[in-house]
Amino acid sequence: MNPEKDKYFIKRCFKLARRGIAKVSPNPLVGAVITKDDRMVSEGWHTKPGADHAEAMAIKKAGGNLKGATLYCNLEPCCHIKKKTPPCLPLVISSGIKRVVLSNGDPNPQVSGMSIKLMRKAGIEVIENILEKEGRELNRFFFKHIVEQKPWVTLKIAQTMDAKISKGKNTQTWITGKEAARYVHMLRATYDAILVGAGTIISDNPQLDVRHVKGRDPLKIIIDGQLSSNTEAHILKKGATWIFHDKTVADQKTALFNGAGTRLFPCACDDTGQIDLNNVLSVLGKSGINSLLVEGGHKVFSQFISHNLFDEIIVLQAPIFFGNGLPSAQFPNKIDLKFYESRQLGEDYYLNLRKKD
């Protein structure tokens, strides 16, 4: 046993797994490496739903004769059959592999340690929890969705040094520079869905796409209680858009939004008269949405924060001051945040905050 070697190959699994970002959801990001006699034999990664899982790809690429080999994988191999692909576990057990090194167990109740027990019962040595924290970070979207049946929620706030997101209500205001804008497009490409409020549609008429980078456009979500958005808005003309509105809105108004690619979701309101975001997140979770990027505006940010319905906040801060203007969000004292990471983006500053455990 060589702990440093195990860490080295698990890190390689992480790198392979990242090739599936924005491609495999709602499945997890998984990479696999097979070694034998101190040399790497093959490697694999999950490419898309319905395709071979990482372990299956690596075993098939190895071409047989894996007696005594070691399999490295960042997630416990699957053993359940309620999915598009056959379970990996029988293939692992029958391959001749005698040692399996894992970063994380699978939180899916249909797996949840069962594969580990069955491998050990078959005489395979299983080493667990190698770089476990890094593995959980890699698959934080998947873990949150599996455990809570709701997406991981990231609030992305572009603001000034004095925490303003625009010069006034319903006023379009550009704050951050080109490098930050490109980063936002890269970020969007890694999320299943992107959400804004009706105010953002009215003031900014955003496209909410990834046109500045190569990648997929996320599903667009609008919180629009009274269906006050412009029916000619950019995002209603490009790609799929879901609109969550007050269920009491008249039928003749909802009919105006029944265009191609648009789905309406009538919702109950909470005790403040706003669309119940818990209900929105439940609908998204049941629809297989693992991750949600919230891009504004002030009212939507404040509602997610006040109801404690977020997992992280990404702040893109420009080195400017507005003085007067619309604040980014209201932060109640009960919300306790911790610093996660920061860096420079051109002239702007990137800050990532997470809720404390």
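Preceding this paragraph is the structure being described.
It should be emphasised that the depicted structure is a prediction, and the values quoted were computed from it without experimental measurement. (Residues numbered from 1 in each chain as written. Predicted model: local features only at pLDDT ≥ 70, side-chain atom pairs only at ≥ 80, totals over all residues. Heavy atoms only, no water.)

K.L.:
I'd like to hear about the environment of Gly-31, residue by residue, with values.
P.N.:
Mapped onto the elements of the fold, Gly-31 is located in strand β1 (residues 31-36). Judged by relative accessible area, which is 0%, Gly-31 ranks as buried. Between the C-alpha atom of Gly-31 and that of Thr-47, which follows or precedes it by 16 residues, the distance is 9.7 Å. (Helix = DSSP H or I, 4+ residues; strand = E, 2+ residues; numbered from the N terminus. Buried < 20%, exposed > 50% of the residue type's maximum accessible area, 1.4 Å probe, protein only.)

K.L.:
Explain the packing of aromatic side chains residue by residue, including any values.
P.N.:
Tallied over the entire structure, the rule returns 8 aromatic pairs. Residues Tyr-8 and Phe-9 carry aromatic rings whose centres are separated by 5.1 Å and whose planes lie at 80° to one another, so their mutual orientation is edge-to-face. Overall, the relative accessible area of 56% leaves Tyr-8 in the exposed class. These aromatic residues form a ring-pair network of at least three members: Tyr-8, Phe-9 and Tyr-72. The ring of Trp-152 carries Arg-140 above its face, with NZ or CZ at 5.5 Å from the centroid. (Phe/Tyr/Trp six-rings, centres within 6.5 Å; stacked < 30°, edge-to-face > 60°. Lys NZ or Arg CZ within 6 Å of the ring centre and 35° of its normal.)

K.L.:
Requested: an account of the pairing of strand β12 (residues 291-294), with residues and values cited.
P.N.:
Taking every second residue as pointing to the same face, both faces of β12 are buried, with Ser-291 and Leu-293 on one and Leu-292 and Val-294 on the other. Pairing of strand β6 (residues 152-159) with β12 involves 4 bridges; the strand directions are parallel. Bridge pairing in β12 links Trp-152 to Ser-291. (Pairing = 2+ DSSP bridges.)

K.L.:
Tell me what's going on with helix α6 (residues 140-148), and back it up with residues and numbers.
P.N.:
Burial runs high along α6: 7 of the 9 residues are buried. Residues of α6 that are buried: Arg-140, Phe-141, Phe-142, Phe-143, Lys-144, His-145 and Ile-146.

K.L.:
Describe the pattern of salt bridges, and please don't skip the residues or the numbers.
P.N.:
The tally for this structure, following the rule as stated, stands at 19 salt bridges. With a shortest N-O distance of 2.8 Å, Glu-43 and Arg-12 are connected by a salt bridge. Taken together, the residues span a long stretch of sequence, with Glu-43 in strand β2 (residues 39-45) and Arg-12 in helix α1 (residues 3-17) at a distance of 31 residues. On the basis of relative accessibility, which here comes to 22%, the residue Arg-12 falls in the partly exposed class. A salt bridge links Glu-341 to Arg-343, with the shortest nitrogen-to-oxygen separation between them at 3.9 Å. By sharing partners, the salt bridges in this structure join Glu-137, Arg-140, Glu-312 and Arg-354 into a single network. (Salt bridge = Lys/Arg side-chain N within 4 Å of Asp/Glu carboxyl O.)

K.L.:
So, unusual backbone geometry: which residues are in play, and what are the values?
P.N.:
Residue Pro-26 is reached from Ser-25 by a cis peptide bond, and omega for that bond is 10°. Along the polypeptide, Pro-26 turns up in the loop between α1 and β1. Geometrically, the link from Gly-296 to Gly-297 is a cis peptide bond, its omega value of 5° lying close to zero. Summarising the element assignment, Gly-297 is placed in the loop between β12 and α11 (298-306). Backbone geometry places Leu-131, a non-glycine residue, at a positive phi of 55°. Examined against the element boundaries, Leu-131 turns out to sit in the loop between β5 (125-127) and α5 (132-138).

K.L.:
Requested: an account of the sheet that holds strand β16 (residues 348-355), with residues and values cited.
P.N.:
Read from one edge to the other, the open sheet built from 9 strands follows the order β11-β10-β9-β8-β12-β6-β13-β16-β15, with strand pairing classed as mixed. Edge positions in the sheet fall to β11 (262-267) and β15 (337-345), since each has one partner strand and no second. When strand polarity is set aside, the average angle formed by the axes of neighbouring strands in this sheet is 20°. For strand β10 (residues 241-246) and β11, the ladder comprises 6 bridges, and the chain directions are parallel. Residue pairing for β11: Asp-246 is matched across the bridge by Cys-267. Sheet strands touched by α6: β6, β12, β13 (312-317) and β16. Its angle to β6, the strand with the most contacts, is close to 130°. In the packing of helix α10 (residues 277-286) onto the sheet, contacts are made with β6, β8 (193-197), β9 (219-223), β10, β11 and β12, and the angle to β10 comes to roughly 150°. (Axes fitted to C-alpha atoms, helices over the stretch in contact; angles between N-to-C directions. Contact = heavy atoms within 4.5 Å.)

K.L.:
Explain the nonpolar core to me, using residue names and the numbers behind them.
P.N.:
In terms of nonpolar packing, the biggest core is built from 32 residues, with Leu-155, Leu-195, Ile-221, Phe-244, Leu-292, Val-294 and Phe-304 touching the most fellow members. Residues Tyr-191, Leu-227, Leu-236 and Leu-264 belong to the second largest nonpolar core, which totals 25 residues. (Core = buried A, V, L, I, M, F, W, Y, C linked by side-chain atoms within 4.5 Å.)

K.L.:
An account of the sheet that holds β5 is requested, with residue identities and associated values reported.
P.N.:
Taken together, 5 strands build an open sheet; the order of strands is β2-β1-β3-β4-β5 and the sheet is mixed. What marks the edges here is a single partner per strand, and that holds for β2 and β5. When strand polarity is set aside, the average angle formed by the axes of neighbouring strands in this sheet is 20°. Inspection of the sheet shows β1 paired to strand β3 (residues 70-75) by 4 bridges, in the antiparallel sense. By the bridge assignment, Ile-34 is partnered in β3 with Leu-71. Its contacts with the sheet place helix α2 (residues 54-62) against β1, β2 and β3, and it is angled at close to 135° to β2.

K.L.:
Describe the pairing of β6, with residues and values.
P.N.:
Of all 8 residues making up β6, 7 are buried, and the element is well covered by its neighbours. Pairing of β6 with β13, which is carried by 6 bridges, proceeds in the parallel orientation. Pairing of Thr-154 across the sheet is with Glu-312, part of β13.

Remember, this is a structural readout, not a statement about activity or role.
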